[in-house]
Amino acid sequence: MGTYALGSVFSPASLAMVGSSPRERSLGRLVLRQIIDGGFPGRIGVVNRRYPSIEGVATAARLGELGFAPELVVISTPPASVPRAVASAADAGARAAIVLSRGLGEGPGSCHAELEAVARARGVRVLGPNCLGVMAPHARLHASFAARRPPPGDLALVSQSGAVGAAMIEWAAGRGIGFSAVASLGDAVDVDFADLLDWFAVDRHTRAILLYIEHVRDARKFLSAARAAARGKPVVVVRPGRHLRRPGQPASHAAALATPDDVYDAAFRRAGLLRVHALDELFAAAETLSHLGSAPGPRLAVLTNGAGTGMLALDRLQDLGGVPATLGADTVDRLDAALARGWSRANPVDLLGDADGERYALGLQALLEDPGSDAVLAVNVPTALSHPRDAAQAVVDVLRTRRRGTGKPVLALWLGEDHGASELLGEAGVPTYGSEAEAVRGFMYLVRHREAQDALMETPPSLPEDFAVDRGAGQGLVDAALAAGREWLDPEATARLLAAYGIPIATPRLAADAEAAVEAARPLLDAGGTVAFKVLSPDIAHKSDVDGVRLHLGSEDAVREAARGIIGRARRLRPDARIDGVSVHPMVLRPKAREVIAGIADDPVFGPVVVFGRGGTAVEVIDDKSLALPPLDLRLAHELIGRTRVSRILRAYRDVPAADERALALLLVKLAQLAADIPEVREVDINPILVDAGGVVALDARVAVAPSRRLHRGRGHPRFAVFPYPTELERTLRLSNGREAFVRPVRPEDDAMFRRFFDRVSAEDLRLRFFRAVRDFSHDFIARLVQLDYARSMALVAIDRGTGEMLGAVRLLADPDFIRGEYGIMVRSDLKGAGLGWRLMEEMVGVARWMGLQSIEGQVLRENSTMLAMCRRLGFRVVPDPDDATLMLVTLPIEAPP
């Protein structure tokens, strides 16, 4: 249900406790005491049949007898009575419930399932069960059994674990950190991470969002909300279990490389989230990002009065993947003229131990204007000759005059006991750290956040742009294998499938016995080549496990002997396996090629995952890999390659020319397209792939297939967690005034275009659209308009073919169950009467049908006669809004496509 009624969770006007008792250690009594002691300003009710009052609050036998309708109900009753308590809350007029009770079980017939059904049927938002509760300090709401009530702040904390949430509150208290809200999800029968991300993304009290995640249930919904939230505010996540493996033996190298945590890491990266690995990092990253935003790149310059500390900082920088900035020649000349003789003339810029404020100012000004760095770390080491506070003041003074012009982040490390210097810097918005390692880690938060934001902006298309595919041929190969009851394509079918997607592979031939192998190899041998043999069995995942590979066979006798040996050995070592013979491959000799692996793994939460890394038989031992959620474009593919160690040897070295990395990136894009086009492809292993200056060629591949199963709700690919940019919705419209409008889905880079568009819309039209006077559009507001997931949220923009100017837009947001969609539309004020609004509404109805919705609905101001007339002509049902006399509700049933 999205953010519906979440205001009643975090800022209720009244609440009631169900399950409280006078027992000192009663959970309900502890929570009630927290609510009262926390100063909750609204009415408080308590339901208890046995006692007349608890904690000074008069009780009632049931919710309906309280004398008021509680907006929020907090429940701590035994598990069996929880669903009934939520139903009673709905009867009493409550909009939300927090269920602290645990032990509701799981699965059909459980109290958990009954609670879910009640919440959905009655429209009551439920947080929990088995949760710590909710704390919203700005609303003075502390409906939780945490030991401490946190002070108001601007960090929102959402934790799946109540224990971790309580620990984080304690950790923050000792450091003076406050919260806009703290929410514990528990078993998340209703309200989940996605709902709270949507809520805090627009919450005015929240500057950054912190997440403790153990697992996600609805991957597509989570990624949709995470991408939207991360577009406007820093979202920092920590997750345990980084070294856990899946149970059982993986059937492919790709599956073995795609550990559960690696897949989560790829999902967080794709959603624009910054992942950290410890609770203290969670807060440190949020503080750094909220002060500085992000760094444009990984190059850091260090300004210091102690060379050793600066060098340690640069060492740590390189450990974490950063790059020491190289000073430009102009900067060196400038500093030569300004600084005392003996300065380092390199990065770190050593101002010497007696550096005063003036020297710091001159050095910082030069580094801020040097195009060779992306950020500056200013360091001060206390000496008998140094002036820490003067140096800090100099940094602050420079930033007051220079930051607007450069936008380059500045971080600070002021060692020693002069806290006044750190306070000066902190008041000026400069984050300070306790050691060079912490400072560099803070800078890398900025770098990684920028990388995540760049990935967030990518919208790979649903249809290939850089290559042609034969989807029909590929689908036919997979369908034939499934019809025959096979789980793996044979080598010939595998080669034909990859060829249908333009992936070069050495085509094999199949042979059932030694003599057939000789016949298959003869054309290659007669041409002067050599061959390779591999055991052919659907039951042997890794051929080397049975010594099932022979290379460089150059004669018929060698071929015959190798075939007999491979088949006999496989039957002896694996008597349970089906041995179908051998596959015969041409030997591909590319002496300066590098071996890599590419594949698709199937994750039970996020669906298909593209895997890339160092290839060969020891891929799991080397464990040099990176993962990405499809779809991919070339930029994402290059970024995927660049996160591996093997990417370093793709460059030229000694007498080895650089490999064709673009060809390799294109192969990864093709692999992602294969996963997009044919959902029945479950796993792909292409290992090894040879890549050199001449391009790429696959030497061996395996493909697992299975009937398609829907992993995610909504239309589109049944198993993709990230929805591709829907190219198929692009079209050209001719308006009644003869103007041509190009209509396409909105992209993230459209924010500036939207801002210019709103400048062309009258104040009255803005009021009619947003139901209030609008004077300015914030960055967060525009970001939410243009950052779409193309699954639940869709918007089409109309652009003038001639000028490129935005003419209008229509937006549709589906509910989580893809039953109803809420629409919004706006057309430039000077274009009324051209028919654009009508055409956009028609397109929006088509999009709703494309999304599989059953109805479209919206709210229209009663005075907006033009929009109401258009809705009636389009077939909308128009009725007064029962909750607001100024509004009309419009609803249009959507017929399913034939």
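Quick summary incoming for the structure in this document. (Residues numbered from 1 in each chain as written. Predicted model: local features only at pLDDT ≥ 70, side-chain atom pairs only at ≥ 80, totals over all residues. Heavy atoms only, no water.)

Along the chain, the regular secondary structure elements total 28 helices and 37 strands. In terms of overall dimensions, the chain has a C-alpha envelope of 95 × 80 × 70 Å along the principal axes. Across the 898 residues in the chain, those meeting the buried criterion constitute 57%. In the chain, of all internal contacts separated by at least 6 residues, the share reaching a separation of at least 24 is 71%. Accessible surface computed for the chain: about 36,600 Å², of which carbon and sulfur atoms make up 50%. For the chain, the separation between the mean place of its 108 positive charges and that of its 110 negative charges on side chains is 3 Å. (Helix = DSSP H or I, 4+ residues; strand = E, 2+ residues; numbered from the N terminus. Buried < 20%, exposed > 50% of the residue type's maximum accessible area, 1.4 Å probe, protein only. Contact = heavy atoms within 4.5 Å. Areas by Shrake-Rupley, 256 points an atom, 1.4 Å probe, with all protein chains shown as cover. Lys, Arg positive; Asp, Glu negative; His and termini not counted. Charge placed at Lys NZ, Arg CZ, Asp CG, Glu CD.)

Our focus in this paragraph is the pattern of salt bridges. The tally for this structure, following the rule as stated, stands at 60 salt bridges. Of the charged contacts in the structure, one is a salt bridge between R522 and E556, with a shortest N-O distance of 2.8 Å. On the criterion of sequence distance, the pair formed by R522 in helix α19 (residues 514-526) and E556 in helix α20 (residues 556-573) is long-range, its members being 34 residues apart. On the basis of relative accessibility, which here comes to 25%, the residue R522 falls in the partly exposed class. Residue E556 is classed as partly exposed on the basis of its relative accessible area, which comes to 29%. Connected through shared salt-bridge partners, R125, D190, D192, D195 and K221 make up one network. (Salt bridge = Lys/Arg side-chain N within 4 Å of Asp/Glu carboxyl O.)

This part is about the environment of T3. Mapped onto the fold, T3 is located in the segment before α1 (7-10). A residue is classified by how much of its surface remains accessible, and T3, at 36% relative accessible area, is partly exposed. Distance from T3 to A254, taken between C-alpha atoms, is 38 Å for residues 251 residues apart in sequence. Residues within four places of T3 in sequence aside, it is in contact with R125, D195, D198 and W199.

Bridging between strand β36 (residues 877-880) and strand β37 (residues 887-893) involves four bridges; their strand directions are antiparallel. Pairing of R877 across the sheet is with T891, part of β37. Count of turn residues in the β36/β37 antiparallel hairpin: six residues. (Pairing = 2+ DSSP bridges.)

Okay, the packing of aromatic side chains next. Inspection of every chain in the model, using the stated rule, returns 15 aromatic pairs. Ring geometry for Y264 versus F268: centroids 5.9 Å apart, planes at 50 degrees, classification tilted. One end of the pair, Y264, and the other, F268, are both in helix α9 (residues 260-270), four residues apart, so they sit about a helical turn from each other. Relative to W850, the ring of F723 has its centre 6.0 Å away and its plane inclined at 85 degrees; by these criteria the two rings are edge-to-face. You can see F723 sitting in the loop between β29 (701-705) and β30 (731-734) and its partner W850 sitting in helix α27 (residues 836-851), a full 127 residues away along the chain. (Phe/Tyr/Trp six-rings, centres within 6.5 Å; stacked < 30°, edge-to-face > 60°.)

So, about the environment of L510. Considering the arrangement of structural elements, one finds L510 in strand β20 (residues 509-511). Residues L510 and V584, spaced 74 residues apart in sequence, show a C-alpha to C-alpha distance of 6.1 Å. What L510 contacts, discounting residues up to four positions off in sequence, is D490, P491, E492, L536, V582 and S583.

Below, the discussion takes up the sheet that holds strand β33 (residues 806-814). Strand order in the open sheet formed by eight strands is β30-β31-β32-β33-β34-β35-β37-β36, and the pairing between neighbours is mixed. The sheet terminates laterally at β30 and β36, the two strands that pair on one side only. Strand-to-strand, the axes of this sheet are offset by a mean angle of 25 degrees, without reference to chain direction. Pairing between strand β31 (residues 740-745) and strand β32 (residues 793-800): five bridges, direction antiparallel. Each residue of the ladder has a partner; that of R744, found in β32, is V797. Helix α28 (residues 865-874) rests against β34 (820-827), β35 (855-861), β36 and β37 of the sheet, and its axis sits at about 20 degrees to β37. (Axes fitted to C-alpha atoms, helices over the stretch in contact; angles between N-to-C directions.)

So, on to unusual backbone geometry. For the peptide bond that leads from N347 to P348, omega is 10 degrees, which places it in the cis range. One can find P348 in the loop between α12 (329-338) and β17 (349-350). A cis amide bond links P630 with the next residue in sequence, P631, at an omega value of 5 degrees. Inspection of the secondary structure puts P631 in the loop between β26 (625-628) and α22 (634-642). Despite not being glycine, A5 has its phi angle at roughly 65 degrees, a positive value. Within the element layout of this structure, A5 appears in the segment before α1. A positive phi is found at R654, a non-glycine position, where the angle reads about 45 degrees.

On to helix α23 (residues 661-677), then. Counted at 1.5 Å a residue, the expected span for α23 with its 17 residues is 24 Å, and the 24 Å between its end C-alpha atoms agrees. A large share of α23 lies buried, amounting to 13 of its 17 residues. (Expected span 1.5 Å × (residues − 1).)

The analysis is restricted to geometry; functional conclusions fall outside its scope.
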